[in-house]
Amino acid sequence: MSNEAFTPHPDRLLPADPGVRDIARSLYERMRDQPIISPHGHVDPRLLLDDEPFRDPTSLFITPDHYVNRLMFSRGVDLSELGVGRGPLDEQDSRAAWRLLAEHWHAYAGTPSRYWMEHEFSEVFGLTTGLSPQTADAMYDELAAKLAQPEFAPRALFDRFGIQVLATTDDPVDDLAPHAALAADGSFTGLVIPTFRPDKYLEPARADFVELTDALGAAAGVDTGTYDGHLEAMRIRRLYFRDHGAVSSDHAHTDPGTQRLSVEDARRLYAAARNGQIGAEDAVALRRHLLADQARLASEDGLVMTIHPAVYRNHHTGIFEKYGADVGFDIPIAVDYVHSIAPMMNDVGLSENFRTVLFTIDETVLSREIAPLAGVYPSVYAGAPWWFIDAPDAILRYRRAVSETIGYTRTSGFIDDTRAFCSIPARHDMSRRLDASHLAGLVAEHRMREEDAAAIADSLPDEQPRQVFKVDGSAYAKEN
């Protein structure tokens, strides 16, 4: 690779045709500097509460990012060499991991991971050199020096990125103390809100189901030895989250089934699960019933129910046992929304207070299932591409797949779904460029008036996610 200066092209992701590109530039300019609304992500709130400098380039760009790690692993790099599962690295090991990234950098060409990181290198840290084995150490040194400066501390970057709302992902038993401390800190002007993520408490097949449900009961002050106690504990904890700023709950099971059991059967199967005597089929049936309970609770408390199912998690048992969850050995599988959520929609789908956002990494369902569902149910919105399909071509396919059926007001707004804090502006900027490209194409083909495209561009980055996720209706939003 050449060691010449590198700066991302100002027209990246915009159409190649000059006439369409001019339209896209104009639309992008309307979106570029709008604030970032991030209603679903995985940044630890303590990052902003403690506001400590990032430790080193490796812990910022490589170790926590399974997008980066999985490709290097596929090329023969051991995850431990990248810092996974090892805790803080010393300077020598951190630099060695960075050199590995540089050695394999060519393998990321054309991937969103490289696109995001090059945006971060240039736009966030002001680097002008392309990464290569020859430049790795110099870039590491330059990044490390900047990370030690106050203007690159987490809160300073939060402000510079233009983030107005950042949702985290949180355990139902969490006391949310970091969120409360941030909300009470007069020097922090952003809005960091929790998200209720109850998945593991709804999985009766788990070996630790008793311990989990006991912890849930302790947090809620309710005896969860019975199904009725579990339901009441969930109601209490959801309200606790809502009172601490949450606007949504997040659900990511193998399938989005919501078939209800009779109350008697739910009580019986819950008791069997607590006794460690539930069979596999019954565990699935109870899990689907418990997810349906979450929908009923959502219709009561108003938390937006986001569903992103159909992932075979921890595909390699040995890697899971060595490194734990969220390392990246999760593989997409097919999903059937139409049949899976029919019980939920017939139960609460027309409730005025119920709202759900359906996500997928199975693109076949976008135009066949999600768009038609969002095009008829007032409570359903089509979630933006995430995870394996949060890439330029897939985002354009999403817009083309759903807009013909539901336009733009029935979509979620962009979702960055990231743990990599510094990639947030890169991901949102990518989405805005692609939306500008998509809309410009419709204008150029005389399928949309330019003034209509401009109005859509004005609303997509900020107004749309605020409206879908009821952000401005949260208690913390009103206080701040």
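Residues numbered from 1 in each chain as written. Predicted model: local features only at pLDDT ≥ 70, side-chain atom pairs only at ≥ 80, totals over all residues. Heavy atoms only, no water.

Considerations on the pairing of strand 4 (residues 248-251)
Here is step 1 of the chain: Residues Ser248 and Asp250 point to one face of strand 4 and Ser249 and His251 to the other, with burial holding for every one of them.
Here is step 2 of the chain: As defined by bridge partners, strand 4 adjoins strand 5 (residues 304-307) across four bridges and the pair is classed as parallel. Note that in strand 5 the partner of Ser248 across the bridge is Val304. (Buried < 20%, exposed > 50% of the residue type's maximum accessible area, 1.4 Å probe, protein only. Helix = DSSP H or I, 4+ residues; strand = E, 2+ residues; numbered from the N terminus. Pairing = 2+ DSSP bridges.)

Re the sheet that holds strand 2 (residues 163-167)
Here is step 1 of the chain: Strand order in this open sheet of three strands is 1-2-3, and the pairing throughout is parallel. Strands at the two margins of the open sheet, each flanked by one partner only, are strand 1 (36-38) and strand 3 (191-193). Each neighbouring strand pair of the sheet contributes to a mean axis angle of 10°, computed without reference to strand direction.
Here is step 2 of the chain: When strand 2 meets strand 3, the two strands line up parallel, connected through three bridges. Paired with Leu166 across the bridge in strand 3 is Val192.
Here is step 3 of the chain: Across the sheet, helix 8 (residues 154-161) touches strand 1, strand 2 and strand 3, and the angle it forms with strand 2 is around 115°.
Here is step 4 of the chain: Sheet strands in contact with helix 19 (residues 424-444) are strand 1 and strand 2, and its direction is about 105° off that of strand 1. (Axes fitted to C-alpha atoms, helices over the stretch in contact; angles between N-to-C directions. Contact = heavy atoms within 4.5 Å.)

Observations concerning unusual backbone geometry
Here is step 1 of the chain: Even without being glycine, Asn314 reaches a positive phi, approximately 55°.
Here is step 2 of the chain: Examined against the element boundaries, Asn314 turns out to sit in the loop between strand 6 (311-312) and helix 14 (317-323).
Here is step 3 of the chain: Phi at Trp387 is positive, roughly 55°, even though this residue is not glycine.
Here is step 4 of the chain: The buried category is assigned to Trp387, whose relative accessible area is 8%.

Focus: the packing of helix 1 (residues 18-32) against helix 19
Here is step 1 of the chain: The geometry of helix 1 relative to helix 19 is characterised by a closest axis approach of 8 Å and an angle of 135° between their N-to-C directions. Between helix 1 and helix 19, the crossing angle belongs to the class labelled oblique. Relative to helix 19, helix 1 is oriented so that their crossing is right-handed. Listed contacts from helix 19 to Val20, Ile23, Ala24, Leu27, Tyr28, Met31 and Arg32 of helix 1 are Asp429, Arg432, Arg433, Asp435, Ala436, Ser437, Leu439, Ala440, Gly441, Val443 and Ala444.
Here is step 2 of the chain: Taken together, the residues of the contact of helix 1 with helix 19 sort by class into 11 nonpolar, two polar and five charged. (Parallel < 35°, antiparallel > 145°, perpendicular 65-115°, else oblique. Left-handed = near helix turned anticlockwise from the far one by under 90°. Nonpolar A, V, L, I, M, F, W, Y, C, P; charged D, E, K, R; others polar.)

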